[in-house]
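Secondary and tertiary structure notes
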Amino acid sequence: MSNQARGPPPNRGLGFVRGRPDNRGRESKERGSMTEETTTTTTTEERGLRPCFVRHPDAGGQCWEPATIRVHGLKFCEAHGEEARIGAGLEASNDAENYFNRLRSPEATPLTSAVQDGLEAAISRVHSEHPYPDEDYYRALSRAYPASSIPEEVRDRVEAWILDERSSYAPVLDFCLDSLLLLNKLLRVAHEDRTDYATSLIETLEYERQCIVAEAAVALEDTERESEALGLRPA
Ligand SMILES: [Zn+2]
């Protein structure tokens, strides 16, 4: 995650809030192979399972795989759930480190030396024993959102954004990952709220997240391609 200045994201031609996402996924059913999707849907429904929550058109439309993994109160299939689960874990870990660091701020209540020692140990542990290495997230991201699942117009949009990347701006992949971190934070806070309104908000936030996840998947693929060409591993 970078602290560099942000370059402008591409105009996706969509507003942030686009109403309840519940019915929207079904519209995207027309994308791709209808025969294949119908078959998978029938299978999922016949087995009495609800389909995965992934449905944003930019992420390939409705995923008809059965939902088996719950993240922030929403249910996903195995691959999409793993991406969402690790993404949520990264945010929770990042937030824990930030929380401990805030206690060291000069504006916070002064700490006794014993508490200070405990705090340093906690920060050190959160930092060094990170349960979710970036590589795990990259693997889950590539598996859940392979190039073949991302619509061509989204790929073109991200490629154009990468071509327009300025030296003073954070790389597009970092921009997407930072945006996902923030969205996961909002999802966590909304999930902790546990009100009926929060449920609707979680669905809207997750729907928006899927659009950015798709962009991150394209940016990651580009980064890996470039690293391979240079004989390097992705950063
Ligand atoms: Zn899925």
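Computed from a prediction, not measured in an experiment: that's the story for all the values here. (Residues numbered from 1 in each chain as written. Predicted model: local features only at pLDDT ≥ 70, side-chain atom pairs only at ≥ 80, totals over all residues.)

1. Section: the overall build of the chain
When helices and strands are tallied, the chain shows eight helices and two strands. In the chain, the succession of helices and strands from N to C terminus is α-α-β-β-α-α-α-α-α-α. The buried share of the chain, reckoned over its 235 residues, is 30%. (Helix = DSSP H or I, 4+ residues; strand = E, 2+ residues; numbered from the N terminus. Buried ≥ 20, exposed ≤ 12 C-beta atoms within 10 Å, placed from the backbone.)

2. Topic: helix H7 (residues 172-193)
In this model, H7 (22 residues) spans 32 Å end to end at C-alpha, consistent with the 32 Å of a helix rising 1.5 Å per residue. Inspection of H7 places Val172, Leu173, Asp174, Phe175, Cys176, Leu177, Leu180, Leu183, Asn184, Leu187 and Ala190 among the buried residues, and these make up the whole buried set. On its buried face, H7 sits against helix H3 (78-103), helix H6 (152-163) and helix H8 (196-229). Residue Arg194 follows H7 closely and has a positive phi angle near 60°. (Expected span 1.5 Å × (residues − 1). Contact = placed C-beta atoms within 7 Å.)

3. So, the environment of Leu182
Looking at where Leu182 falls in the secondary structure, it is placed in helix H7. Residue class for Leu182 comes out partly exposed when judged on the 13 C-beta atoms lying within 10 Å of it. As a C-alpha pair, Leu182 and Arg209 span 27 residues in sequence and 9.8 Å in three-dimensional space.

4. Regarding the environment of Leu186
Tracing the backbone through its elements, the reader meets Leu186 in helix H7. With 17 C-beta atoms packed within 10 Å, Leu186 lands in the partly exposed category. With 95 residues separating them along the chain, Leu186 and Glu91 place their C-alpha atoms 10.0 Å apart.

5. Digging into the nonpolar core
If you look at the biggest cluster of nonpolar residues, it comprises 43 residues, and the most contacted ones within it are Phe76, Cys176, Ala214, Ala216 and Ala217. Elements that contribute at least two residues to this core include exactly strand E2 (74-76), H3, helix H5 (134-144), H6, H7 and H8. If we ignore the near neighbours within four places in the chain, the residues touching Ala217 are Leu141, Ser142, Tyr145 and Ile150. (Core = buried A, V, L, I, M, F, W, Y, C linked by C-beta atoms within 7 Å.)

6. Focus on unusual backbone geometry
At His72, a residue that is not glycine, the phi angle is positive and equals roughly 55°. Structurally, His72 can be placed in the loop between strand E1 (69-71) and E2. C-beta crowding within 10 Å serves as the criterion here: with 23 such atoms nearby, His72 is assigned to the buried category. Even without being glycine, Arg194 reaches a positive phi, approximately 60°. In this structure Arg194 comes out as exposed when scored by C-beta crowding, with 9 C-beta atoms within 10 Å.

7. Let's talk about the confidence of the model for the chain
Confidence in the prediction of the chain, expressed as mean pLDDT, is 81, and 77% of residues score 70 or more. Below a pLDDT of 50 lies the segment residues 13-38, which in the model reaches 26 contacts outside its immediate sequence neighbourhood of four places, other chains included. (pLDDT = per-residue confidence, 0-100.)

8. Considerations on H5
Taken residue by residue, H5 has Tyr137, Ala140, Leu141 and Ala144 as its buried positions. An end-on view of H5 places all buried positions within 100° of arc, on one side of the element. (Arc of directions from axis to C-beta.)

9. A look at the packing of H7 against H8
Across the interface, H7 lies against H8 with an axial gap of 9 Å and an inter-helix angle of 160°. The angle between H7 and H8 falls in the class roughly antiparallel. When the axes of H7 and H8 are compared, the crossing they make is left-handed. (Axes fitted to C-alpha atoms, helices over the stretch in contact; angles between N-to-C directions. Parallel < 35°, antiparallel > 145°, perpendicular 65-115°, else oblique. Left-handed = near helix turned anticlockwise from the far one by under 90°.)

10. Thoughts on the packing of H3 against H7
Contact pair H3 / H7: the axes reach a minimum separation of 9 Å and the direction vectors enclose 85°. Classified by the angle between their axes, H3 and H7 sit roughly perpendicular to one another. Touching Gly87, Ala88, Leu90, Glu91, Ala92, Asn94 and Asp95 of H3 are Leu180, Leu181, Asn184, Lys185 and Arg188, all from H7. A class-by-class count of the residues in the contact of H3 with H7 yields five nonpolar, three polar and four charged. (Nonpolar A, V, L, I, M, F, W, Y, C, P; charged D, E, K, R; others polar.)

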